[in-house]
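What follows is each chain in one-letter form.
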Amino acid sequence: MITEAQKELVKSTVPVLKEHGIALTSYFYKRMFRHNPELRHIFNMGNQENTRQQTALANAVLAYAEHIENPMVLLSAVKHIGQKHSSLNIRPEHYQLVGKHLLASIQEVLGDAATKELIEAWKVAYFQLADLMIGMEKDLYDQMIIKDGGWTGWKPFTIVKMVYETSEIQSIYLKPTDGGPVPKHEAGQYVSVRVFLPELQLYQPRQYSLSDASNGEYLRISVKREVPEGKPEGMVSNFLHQYLEVGKQLELTAPTGSFLLMENEKPHVFISGGVGQTPLIAMLEQLADKKKSTPVTWIHGCRNPHFHAFKERIKTLESQQQHMITFSFYDEAVDVGTNVIEGWVDLAKIDAAHLPQEANYYLCGPSGFIKKHFQYLTTQGVDIDNIHFEEFGPASLPLN
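These numbers come from a predicted model, not from an experiment. (Residues numbered from 1 in each chain as written. Predicted model: local features only at pLDDT ≥ 70, side-chain atom pairs only at ≥ 80, totals over all residues. Heavy atoms only, no water.)

Caption draft 1: Representation of the overall build of the chain. Assigned secondary structure in the chain consists of eleven helices and twelve strands. For a compact globule of 400 residues, the expected C-alpha radius of gyration is about 21 Å, and the chain comes in at 22 Å, within 12% of that figure. Along the first, second and third principal axes, the C-alpha set of the chain runs to 70 × 50 × 40 Å. Summarising the internal contacts of the chain: among those between residues at least 6 apart in sequence, 73% fall at separations of at least 24. (Helix = DSSP H or I, 4+ residues; strand = E, 2+ residues; numbered from the N terminus. Rg over C-alpha atoms; globule rule 2.2 N^0.38 Å. Contact = heavy atoms within 4.5 Å.)

Okay, here's the thing in structure tokens:
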């Protein structure tokens, strides 16, 4: 157990973490990959290049230090990270390696300020958190394996169908290569995909939302080809678009994630930007399968109608449900209409009757997109407990 004196030592590093946290985590990753290069197969090297992973870890370390007196207030965020980890097949031994290099990095970066007592305090604090994460992830692995057709780790799936939803978004339909059953998943969950990239001589994992409701027949992901060709953040999506075809295999981890459809009688409001609609499509399909008459508002923004994935499917679902209305925002000039609006998604342009305070709100898109609409909804009196969101990227702990 961590002592009160050790807690004070950890808290004493908060000012340093606020000012130099990213420098510390950048040093940590370089050190870890130098001594244990095999870990580069686990980490998203695109997020290393754009520093998103370093920033996420810096925020996590800072948040943990700030809440060392009562780390359980971070439990919701810790669970979210645990789901990300289980999707990447993170195991207990990885925490030993990360702890070893994190403590060494603190000592090497702080120099003389890193006293023996300070390093020991951070060691106790780190492994206290690691034990919590390991236990939580064991529970997640147990939940994965007990499902019919469930598994842990990487499992081969065969591509049985590929469909271009737009010129840059392609849906990939997958079935277990071993012929076993497809496990049930919750709408909004995601899987990790792993491919070997010759350019990097590395396996690289990426997480993709399942873009269809659970059906017992296949899993479907819908992948957007990212623009920065030749850079790690676009390499996997480009590989999937360029080299995959029906009959080839992909390695997947089991579905996980906490961005789920709320099981209550409130109206549902879905708000997405670009490929961010993929988990929301699965939620909408799940609602349609249940044949409920709950009011639904669907709001989506993209470049123009030619880049509007699943547009026809949404129209079909809207025609089948009496209480569903859709709004489309297009960045580029279009023939606007009642529910087709030029410009970026702007909730102020939608009649408030379609955005009730007592509704379940689901946001998915880039961080700026989520922040903008989260702030708008809260200023309109929507309770934060009714707003659910998923940001694609590294998981982190929240900061005050």
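That shown, we press on.
Caption draft 2: Representation of the packing of helix α2 (residues 14-35) against helix α6 (residues 92-110) in the model. It is the contact of α2 with α6, at a shortest axis distance of 9 Å, that shows an interaxial angle of 125°. Taken together, the axes of α2 and α6 lie oblique to each other. You can see that α2 and α6 cross each other, and the crossing is right-handed. Where α2 abuts α6, its residues Val16, Leu24, Tyr27, Phe28, Arg31, Met32 and His35 lie against Val98, His101, Leu102, Ala104, Ser105, Ile106, Glu108, Val109 and Leu110. For the contact of α2 with α6, the class distribution of residues is eleven nonpolar, three polar and two charged. (Axes fitted to C-alpha atoms, helices over the stretch in contact; angles between N-to-C directions. Parallel < 35°, antiparallel > 145°, perpendicular 65-115°, else oblique. Left-handed = near helix turned anticlockwise from the far one by under 90°. Nonpolar A, V, L, I, M, F, W, Y, C, P; charged D, E, K, R; others polar.)

Caption draft 3: Main features of the side chain of Thr166. Relative to the helices and strands, Thr166 is located in the loop between β1 (155-164) and β2 (169-176). Here the side chain of Thr166 touches Ile169 through a polar contact of 3.1 Å, landing on its backbone nitrogen. Each residue touching Thr166, except ones within four places of it in the same chain, is listed here: His306, Phe307, His308 and Ala309. (Polar contact = N/O pair within 3.5 Å; in protein donor to acceptor, adjacent residues only side chain to side chain.)

Caption draft 4: Region of the structure containing the pattern of salt bridges. Within the structure shown, the criterion is met by 14 salt bridges. Glu69 is the partner of Lys11 in a salt bridge, and the nearest nitrogen-oxygen pair spans 3.0 Å. Here Glu69 lies in the loop between α4 (52-66) and α5 (75-87) and Lys11 lies in helix α1 (residues 4-11), a separation of 58 residues in the sequence. (Salt bridge = Lys/Arg side-chain N within 4 Å of Asp/Glu carboxyl O.)

Caption draft 5: Representation of the pairing of strand β11 (residues 360-365) in the model. With six of six residues buried, β11 lies mostly within the body of the structure. Of the two faces of β11, both are covered, the one formed by Asn360, Tyr362 and Cys364 as well as the one formed by Tyr361, Leu363 and Gly365. The pairing of strand β7 (residues 268-273) with β11 spans five bridges and is classified as parallel. Counted as the bridge partner of Ser272 is Cys364 from β11. As judged from the five bridges shared by β11 and strand β12 (residues 387-391), these two strands associate in the parallel manner. Its bridge partner lying in β12, Tyr362 is registered against His388. For the crossover from β11 across helix α11 (residues 367-379) to β12, the handedness is right-handed. (Buried < 20%, exposed > 50% of the residue type's maximum accessible area, 1.4 Å probe, protein only. Pairing = 2+ DSSP bridges. Right-handed = clockwise from strand over helix to strand, strands pointing away.)

Caption draft 6: Broad picture of the sheet that holds strand β6 (residues 249-252). Ordered in space as β4-β3-β6-β1-β2-β5, the six strands form an open sheet in which the pairing is antiparallel. Of all the strands in the sheet, the pair left with one neighbour each is β4 (202-209) and β5 (219-224). The sheet shows a mean angle of 40° between the axes of neighbouring strands, direction not considered. Where α5 meets the sheet, it contacts β3 (190-197) and β4, and its direction lies at approximately 45° from that of β3.

Caption draft 7: How the structure looks around empty space enclosed by the protein. Taken as a whole and judged by the stated rule, the model has two cavities of 30 Å³ or more. The computed volume of the largest cavity comes to approximately 50 Å³. As for the largest cavity, its lining consists of Leu261, Met262, Glu263, Asn264, His268, Leu287, Lys290, Lys292 and Thr294. Class assignment for the residues of the lining of the largest cavity results in three nonpolar, three polar and three charged. Estimated volume of the second largest cavity: approximately 40 Å³. Around the second largest cavity, the lining residues are Met144, Lys147, Gly150, Trp151, Pro183, Ala254 and Pro255. (1 Å grid on protein atoms, 1.4 Å probe; cavity = no way out; pocket = protein on both sides within 12 Å on 5 of 7 lines; lining within 4 Å. Points joined across faces, edges and corners; volume = space filled by probe spheres on them.)

Caption draft 8: The sheet that holds β11, seen in detail. The strand order β10-β9-β8-β7-β11-β12 describes an open sheet built from six strands, whose pairing is parallel. In this open sheet, the two edge strands, each paired with only one partner strand, are β10 (340-342) and β12. Across this sheet, the average inter-strand angle for adjacent strands is 15°, counted without regard to direction. In the sheet, strand β9 (residues 324-330) pairs with β10 via three bridges, with the strands oriented parallel. Opposite Tyr330, over in β10, you have Glu342 as the bridge partner.

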